[in-house]
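Residue-level structure breakdown
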Amino acid sequence: MKKLPAQRGRVAVIGAGPGGMAAALSVHQAGHDVVLFERYPHARPAGNILNLWPPPIKALGLLGVNTEDLGAPCTSEFRNARGRRRVRAALPEQVVRDYGGGFVGLLRPELYERLLDALPEGVLQVNHTVEHVEQDENGVRLHLADGRVHEADLVIGADGIDSLVRRTLWGDSPKREHNLHIFGGYTFDESVETEPGMCVLSHTRTVQGSWTAIRDKGRDGHQWWLLEAFDASREFTGDLHSNATSLGQAFALPLPQLIAATDPAHVQRWVIRDRKPLKQWSKGRATLVGDAAHPTSPYAGYGAGMATEDGYFIGRRLAGVDLSDYAAVRQALDAFEAPRKPHTARQSRQAYALGQVFHHAPRALQPIRDAILDRTPLMQKVVGDSTPSSILTQLGEIDRAEARFTAVLGLGESHDTAP
């Protein structure tokens, strides 16, 4: 029998993205009552293309999410526009085997569907907009748009880069414009020949052009994206597919063919922006996860993954905690965020720096930069070697969290040991 807390706590999660759904699942497994508020009629993904590293895949499996055949296993490489390799991010064979690849390519809607399938009935409450959050040492009150007030012992803000919870805790702060934008799309056209099992990130002097294998509902395909400098204060009025086609011509095969094979309806564009990392996430009976805490450039390839990890870890830290006890709540929230902040801040800073180096370097310095990247091991050390190290560290953190969790709840062996 599962040993639950002496008193079941009441937790409210705001925002049904990967971080919010993962948090709801983990909190539920910890034995507390949880409600997940989503303002839209359904949990909807922002965009289509997505990649996941092994730690979020491991976390998903432990949360009871079906990870079988979730995406296409890939090996990641940075290359120059002619196809010459600059960086290879290689993980140990056992990690690749256990988690379906060093880097997994998929479409975002399938991740949402699998998370939704795992949520217990009644947890997700759609069409519920939270307009105001207030708290004291005794509890939290969420004021909804329909006039109702929902009371809880703790609130988790998983409500994105424009988070109401973040603003309530720490005030407003300006977004940091990267002055970059992305065109991205996907195709299941089987006529384009590619290197199997690859994620290739290539660069000209000013543009990133990338592609990766994907799996979606048993189908093999590819996703691609192109990233360039763009003044965020300007309005974009061009045709998405045409712009992507033009930018893609500078890159080695198969990127131009993948773009040509893509239905224009499957091409999207978005502007890159973030916020500087917070020094503290939690205050009182409230904390943050995902983009609410650490919005990160896609250069990290880790936004949804870090949000999923956050959701997993917050529930594990709440296991066995009496949420009516303010001091116990504060201790749990501090313990949750302490190891997460350096990891997520590092990813955010590195993603921002890479965007600046590749897309905002002065023209006179671009040839020097490219010569260094082509002829020295600098980028391999900065990205290729550090990324696997960070991944292994996070896998170890999950192992330790799961050991604490099972011990606190008296589960013996983990209730779900799927990778």
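Check the entry above for the structure.
Here is a short report on the structure shown in this document. (Residues numbered from 1 in each chain as written. Predicted model: local features only at pLDDT ≥ 70, side-chain atom pairs only at ≥ 80, totals over all residues. Heavy atoms only, no water.)

1. Overview of the side chain of His294
For clarity, the threshold we go by: Numbered from the N terminus, helices here are DSSP runs of H or I no shorter than four residues, and strands are runs of E no shorter than two. Each polar contact in these results corresponds to two N or O atoms within 3.5 Å; when the atoms are within protein, one needs to be able to donate a hydrogen and the other to accept it, and residues that are neighboring in sequence are counted only if both atoms are side-chain atoms. Any two residues whose heavy atoms approach within 4.5 Å at even a single point are treated as in contact.
With respect to the secondary-structure elements, His294 resides in the loop between β17 (286–288) and α8 (303–318). A distance of 2.5 Å separates a polar atom in the side chain of His294 from a polar atom in the side chain of Asp310. Discounting chain neighbours no more than four positions away, the residues touching His294 are Trp281, Met306, Ala307, Asp310 and Thr344.

2. Re the pattern of salt bridges
Convention followed: By salt bridge we mean one thing: a side-chain nitrogen of Lys or Arg within 4 Å of a carboxyl oxygen of Asp or Glu. Here the term buried applies to any residue with accessible area under 20% of the maximum for its type, exposed to any over 50%, and partly exposed to those in between, with areas from a 1.4 Å probe on protein chains only.
Tallied over the full model, the rule gives 29 salt bridges. Note that Arg275 and Asp162 form a salt bridge whose closest N and O atoms lie 3.4 Å from each other. Taken together, the residues Arg275 in the loop between β16 (267–274) and β17 and Asp162 in the loop between β11 (154–157) and α5 (164–170) connect sequence positions 113 residues apart. The exposure class assigned to Asp162 is partly exposed, which follows from its relative accessible area of 44%. Here the salt bridges share partners, and the residues they tie into one network are Glu77, Arg79, Arg85, Arg88 and Glu195.

3. A few points about the environment of Gly311
Its place among the elements puts Gly311 in helix α8. Classification of Gly311 as buried rests on a relative accessible area of 0%. Sequence separation between Gly311 and Val321 is ten residues, and the spatial gap between their C-alpha atoms is 17 Å. Once residues within four sequence positions are removed from consideration, Gly311 is found in contact with Gly19, Ala22, Ala23 and Ser26.

4. Comments concerning the packing of helix α1 (residues 18–29) against α8
Stated precisely, the cut-off is as follows: Under this scheme, a helix contributes an axis fitted over its contacting stretch, all axes are lines through C-alpha atoms, and angles between N-to-C directions fall in the 0 to 180 degree range. Note on angle classes: values under 35 degrees are labelled roughly parallel, values over 145 roughly antiparallel, values of 65 to 115 roughly perpendicular, and the remainder oblique. For any pair of crossing helices, the crossing counts as left-handed if the nearer helix is rotated counterclockwise from the farther one by less than a right angle, and right-handed if it is rotated clockwise.
At a minimum axis distance of 7 Å, the contact between α1 and α8 shows a crossing angle of 20°. By the angle between their directions, the pair α1 and α8 is classed as roughly parallel. Handedness of the crossing formed by α1 with α8: right-handed. Along the contact surface, α1 presents Pro18, Gly19, Ala22, Ala23, Ser26, Val27 and Gln29, while α8 presents Ala304, Ala307, Thr308, Gly311, Tyr312, Ile314, Gly315, Arg316 and Leu318.

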